[in-house]
Number of protein chains: 2
Amino acid sequence: MAGGVGSRFWPMSTPEMPKQFIDVLGCGRSLIQLAYDRFQGICLPENFWVVTSARYVDLVKEQLPDLQDDHILREPCRRGTAPCIAYVSWKIKAKNPRANIVVTPSDHVVLDNREFFRVVKSAMKFTADSDAIVTLGMKATRPETGYGYIEADLSMACPSNKEIYRVDKFREKPDLATAKRYLQKKNYFWNAGIFVWNVSTIVNALRVYQPNIGDIFERMLPYFYTDKEQELIDESFPLCENISIDYAIMEKADEIYVFPASFGWSDLGTWGSLHEHMRKDVYDNLCLGPDIKVYETRNCVIHTLQEKKVIVQGLDGYLVAENQDSLLVCRLTEEQRIGDFTKED
Amino acid sequence: MAGGVGSRFWPMSTPEMPKQFIDVLGCGRSLIQLAYDRFQGICLPENFWVVTSARYVDLVKEQLPDLQDDHILREPCRRGTAPCIAYVSWKIKAKNPRANIVVTPSDHVVLDNREFFRVVKSAMKFTADSDAIVTLGMKATRPETGYGYIEADLSMACPSNKEIYRVDKFREKPDLATAKRYLQKKNYFWNAGIFVWNVSTIVNALRVYQPNIGDIFERMLPYFYTDKEQELIDESFPLCENISIDYAIMEKADEIYVFPASFGWSDLGTWGSLHEHMRKDVYDNLCLGPDIKVYETRNCVIHTLQEKKVIVQGLDGYLVAENQDSLLVCRLTEEQRIGDFTKED
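Residues numbered from 1 in each chain as written. Chains lettered and ligands numbered in written order. Predicted model: local features only at pLDDT ≥ 70, side-chain atom pairs only at ≥ 80, totals over all residues. Heavy atoms only, no water.

Take the overall build of chain A next. Secondary structure assignment for chain A yields 11 helices and 16 strands. Since a compact globule built from 345 residues should have a radius of gyration of about 20 Å, the 21 Å found for chain A is in line with a globular shape. Taken along its principal axes, the extent of the C-alpha atoms in chain A is 60 × 50 × 40 Å. Relative to its 345 residues, chain A shows a buried fraction of 56%. Within chain A, contacts between residues separated by at least 24 positions form 65% of all contacts whose residues are at least 6 apart in sequence. As displayed, chain A has an accessible area near 15200 Å², and 48% of this comes from carbon and sulfur atoms. Each charge class in chain A was averaged separately, 41 positive and 49 negative side chains, and the resulting centres sit 4 Å apart. (Helix = DSSP H or I, 4+ residues; strand = E, 2+ residues; numbered from the N terminus. Rg over C-alpha atoms; globule rule 2.2 N^0.38 Å. Buried < 20%, exposed > 50% of the residue type's maximum accessible area, 1.4 Å probe, protein only. Contact = heavy atoms within 4.5 Å. Areas by Shrake-Rupley, 256 points an atom, 1.4 Å probe, with all protein chains shown as cover. Lys, Arg positive; Asp, Glu negative; His and termini not counted. Charge placed at Lys NZ, Arg CZ, Asp CG, Glu CD.)

Quick look at the structure:
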C-alpha cells in the first residue's frame with residue numbers, strides 16, 4: 001500500500017513526494033525501497049504488488065525497477081485501505097486462487113529485519129493452511145495514543161503456531177490514561193496495519209462483511225488484465241465506501257488472530273515517533289543530514305538531508321526540518337499543528 | 001571597495017559569494033548594485049571603479065554590466081583598505097590628476113538615498129576646492145561597540161561648508177560603557193568608512209604617512225593601463241603593509257574633516273545589525289523570504305530568500321538563516337560565534 005500523502009511530515013513529506021518515497025532514515029533507500037528489501041527471501045519479485053494513486057506510479061517504477069509495471073495498481077481516488085486491499089486481492093485471486101498474501105504499508109519502518117522475516121514467514125505458514133486473518137501486533141513500549149490497539153486472548157495459543165493468539169477486540173486510538181492502562185496489561189498490542197492471510201480468506205471476508213465492495217470487484221473479474229481494466233476501475237473504484245480494513249473487517253469478523261512481535265516497528269506517523277525510534281546523540285538529538293553540527297542543543301530532531309551544512313545552536317525540544325526549499329522550525333510538542341501551518345494561506 | 005569575504009554573515013554570505021553580491025534586503029538588487037544605484041546622478045558610469053579580489057571579478061561584471069571591464073581592479077591578496085585605496089587612487093591620478101573621489105564600501109546599506117545624495121554632493125563640492133580629507137560621520141542612535149567613532153570639534157564649522165567640522169580624534173571600537181558615554185555626547189559619530197577627497201589629497205597623504213605604499217604605486221606609474229599592469233601588481237601589491245585607511249591616514253593626518261550625517265546607514269556587520277536596521281513585524285521579527293509564516297515567535301531574524309516556504313513556531317531571539325543548502329539556527333546573542341561554528345571541523 002503506497003497511496004499515503006504523509007501530510008504530517010511536512011516539509012520532508014509533501015503531496016508530490018510523500019514519505020514512502022523519501023529516504024527518511026538517510027540510509028540511501030526510501031521507505032518503500034526498505035519495505036521491498038525487507039521481503040527479499042519472503043516474496044519473489046514477480047509476486048510484489050503496489051497499490052497507489054496515479055500520480056505516484058512513476059515514482060514507484062523509478063524506485064522499484066524490478067517490479068512488473070502491471071503490478072502497480074492505480075487507485076483513481078483515495079478510499080481507505082479496504083477498497084485498496086479488495087482491488088489487489090480480487091486481482092491476485094483471478095490469477096492464483098491459492099495465493100498467500102502479506103499486506104503492508106510502504107511508509108513504516110522496521111529496524112530488526114531478521115525478526116521481521118522470521119515472524120512473517122511463520123505467520124504465512126499459518127495462513128497457508130488455514131482461513132485465519134492474522135494481524136501482527138506490536139509489543140507496546142510506551143503509552144502511545146496515536147495507534148489503534150489489539151486486545152488478545154493470551155489464555156490459549158493456536159495449536160499449530162504457539163506464537164499466534166485469538167483477538168478479543170480491536171481498540172481505537174486511546175486517550176493517554178487509557179493508553180497507560182493498556183501498557184500495563186500484557187495482552188494489548190499496537191495494530192501495525194500488517195496483515196497476513198490467504199487470498200480466499202480476505203476475499204470471502206470482504207464478500208461477507210463488505211458486500212458492496214465485494215460486488216464492485218466481483219463485476220470487475222472479466223476485465224482484470226485487459227485493456228478495459230483501468231477505465232472500469234476509474235469508474236467503479238470511487239463507488240466504494242471510504243473505509244479502512246480495520247473498520248471493514250477486523251472489528252467485525254470473529255476469527256481474527258494476532259501474532260505478537262517485536263521488530264523495532266514504527267509507523268513514523270509523527271516527527272516525534274522518528275525521534276523516539278532512531279539512534280540519538282548523548283543529548284538526545286536525532287540528526288539526519290550530511291553535515292549537522294549542534295551546540296547547546298538537546299532533545300531535537302534535525303532532519304536536513306538536502307542541506308550540505310547545518311549548524312544549530314541553543315535549541316531544546318525543537319524540530320528543524322528542511323526539504324525541497326521548505327523549512328520548518330517548530331517545538332516538537334506542537335507538531336500536531338504542522339498540518340494547519342501548511343494549510344493556512 | 002568590494003573585496004570583503006563577509007564571514008560573519010554565514011550562511012547568507014560565503015567566501016564564494018560574500019554579502020556585497022547578495023540581495024540581503026530581498027529587494028531584487030545586491031548590496032553592490034544598491035551602492036552603484038546610490039551614485040546615479042553623482043558619478044557617471046565611466047567613472048566608477050571597483051577594487052576586488054580576482055575571484056570576484058566575474059561577479060562584479062555580472063552584477064554591474066555598465067562598468068568598464070578595465071575599471072575592475074584585482075587585488076592579488078587582501079591587504080586592508082589603505083593599499084586598496086592607494087592602488088585605485090594612483091591609477092585614477094595617472095589619467096585625471098584633478099579627479100574628485102568618493103570611496104565607499106560596497107556591502108553597506110543606506111536607507112535614505114536622497115539624503116545620501118545631498119550629503120555626498122555637498123562634501124564633493126568641498127573637496128573639489130580644498131585639500132581636505134572628509135569622512136562621513138554617522139549620527140549614533142545606540143551605544144554600538146562594533147564601530148569606530150569620530151570625535152569632532154563642533155565649536156567651529158568650516159567657512160565654506162557649515163555642515164563640515166574638524167576631527168579631533170579617531171576612536172577605536174569602544175567597550176559598552178564607553179560607547180554609552182559617546183552616545184551621550186553630541187560630538188561623537190560612527191565612522192562609516194565613506195571618504196571624500198580629491199585624488200591629489202589622498203595620494204599626497206599616502207606618500208607622507210605611508211611612504212612604503214606610496215613608493216610601490218609610484219613605481220607602477222609607467223605600467224598602469226598596459227599589459228604588464230596586472231603582472232606587476234600581482235608582484236608588488238603583496239609587499240604592501242596590511243593596514244586600514246583609518247590607521248594609515250586618519251589617525252595620523254591633522255587636517256581631517258567630518259560631515260555628520262544621518263541617512264539610515266548600517267555596515268550590516270552582524271545579523272543583529274540587520275535586525276536593528278530593517279522594518280520588523282509587531283513581534284519584532286525580521287522576515288526576509290518569499291513565504292515565511294511565524295507562530296508564537298518574537299525578536300527573530302528569519303532570512304531565507306532561497307526557501308520557497310518557511311514556517312517557524314515558538315522561537316524568541318533566534319536567527320534562522322538559509323542559503324545555498326546551508327542552514328543556521330542560533331540565538332542572536334551568540335552570533336559572534338558564527339565564524340567559529342563554520343571553521344570547526
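After that view of the structure, there is still more to cover.
Let us now look at the sheet that holds strand E11 (residues 286-288) of chain B. Taken together, 6 strands build an open sheet; the order of strands is E12(A)-E14(A)-E16(B)-E15(B)-E13(B)-E11(B) and the sheet is mixed. Since the sheet does not close on itself, it has two edges, and those belong to strand E12 (292-295) of chain A together with E11 of chain B, each with one partner. Strand-to-strand twist in this sheet, taken as the mean axis angle between neighbours without regard to direction, amounts to 5°. Judged from the 3 bridges that link them, strand E13 (residues 301-303) of chain B and strand E15 (residues 318-323) of chain B form a sheet pairing that is parallel. Bridge pairing links His303 of chain B to Ala321 of chain B in E15 of chain B. (Pairing = 2+ DSSP bridges. Axes fitted to C-alpha atoms, helices over the stretch in contact; angles between N-to-C directions.)

Tallied over the full model, the rule gives 34 salt bridges over all chains. With a shortest N-O distance of 3.0 Å, Glu115 of chain A and Arg118 of chain A are connected by a salt bridge. Linking Glu115 of chain A with Arg118 of chain A, this pair stays in helix H4 (residues 113-128), spanning 3 residues, or about one helical turn. Linking Asp325 of chain A and Lys308 of chain B is a salt bridge whose minimum nitrogen-to-oxygen distance equals 3.7 Å. With Asp325 of chain A in the loop between strand E15 (318-323) and strand E16 (326-331) and Lys308 of chain B in the loop between E13 and strand E14 (309-313), this residue pair bridges two chains. (Salt bridge = Lys/Arg side-chain N within 4 Å of Asp/Glu carboxyl O.)

Moving on: the sheet that holds strand E13 (residues 301-303) of chain A. Taken together, the 6 strands give an open sheet; going across it, the order is E11(A)-E13(A)-E15(A)-E16(A)-E14(B)-E12(B), and neighbouring strands pair in mixed fashion. Whereas interior strands pair on both sides, the edge strands pair on one side only; in this sheet they are strand E11 (286-288) of chain A together with strand E12 (292-295) of chain B. Going across the sheet, the axis of each strand differs from the next one's by a mean of 5°, ignoring polarity. Where E15 of chain A and E16 of chain A come together, 6 bridges link them in antiparallel fashion. Bridging across to E16 of chain A, Tyr318 of chain A finds its partner in Arg331 of chain A.

Another point: the interface of chain B and chain A. Reports often express the size of an interface as the amount of accessible area lost when the parts come together. Contacts between the two partners involve 32 residues from chain B, matched on the other side by 32 residues from chain A. With both chains or domains summed, chain B and chain A bury close to 2700 Å², and 48% of this area falls on carbon and sulfur atoms. When the area that chain B buries against chain A is broken down by residue, the three leading residues are Ile311, Gln313 and Leu327 of chain B, summing to 24%. Where chain B packs against chain A, one counts 4 salt bridges. Joining chain B to chain A, the criterion identifies 22 residue pairs in polar contact (both at pLDDT 80 or more). Of all elements in the fold, only E12, E14, E15, strand E16 (326-331) and helix H11 (338-343) of chain B reach the threshold of two or more residues within the side of chain B that touches chain A. Among the elements that line the side of chain B that touches chain A, the one with the most residues is E16 of chain B, at 6 residues. The class makeup of the residues in the side of chain B that touches chain A is 13 nonpolar, 7 polar and 12 charged. With 4 bridges connecting them, strand E14 (residues 309-313) of chain A and E16 of chain B associate as parallel partners. By the bridge assignment for E16 of chain B, Lys309 of chain A is matched with Ser326 of chain B. (Buried area = accessible area lost by both parts, 1.4 Å probe. Polar contact = N/O pair within 3.5 Å; in protein donor to acceptor, adjacent residues only side chain to side chain. Nonpolar A, V, L, I, M, F, W, Y, C, P; charged D, E, K, R; others polar.)

Moving on, we come to the pairing of strand E3 (residues 100-103) of chain B. Residue and element names in this part refer to chain B. Here E3 shows one buried face, formed by Ile101 and Val103, and one open face, formed by Asn100 and Val102. Sheet analysis places E3 next to strand E8 (residues 188-198), joined by 4 bridges and oriented antiparallel. Within the sheet, the bridge partner assigned to Asn100 lies in E8 and is Asn198.

Let's shift gears to the packing of aromatic side chains. Taken as a whole and judged by the stated rule, the model has 38 aromatic pairs over all chains. Measuring from centroid to centroid gives 5.3 Å for Phe39 of chain B and Phe116 of chain B, while their planes differ by 90°, and the two rings are edge-to-face. Residue Phe39 of chain B is located in the loop between helix H1 (31-38) and strand E1 (50-53), and its partner Phe116 of chain B is located in helix H4 (residues 113-128); the two are separated by 77 residues in the primary sequence. Of the two residues, Phe39 of chain B and Phe116 of chain B, neither departs from the other in class, the shared state being buried. An aromatic cluster of three or more residues is present, and its members are Tyr36, Phe39, Phe48, Phe116 and Phe263 of chain A. The side chain of Arg38 of chain A reaches across the aromatic face of Phe116 of chain A, ending 5.6 Å from its centre. A cation over a ring is seen here: Lys91 of chain A above Tyr225 of chain A, with NZ or CZ 4.7 Å from the ring centre. (Phe/Tyr/Trp six-rings, centres within 6.5 Å; stacked < 30°, edge-to-face > 60°. Lys NZ or Arg CZ within 6 Å of the ring centre and 35° of its normal.)

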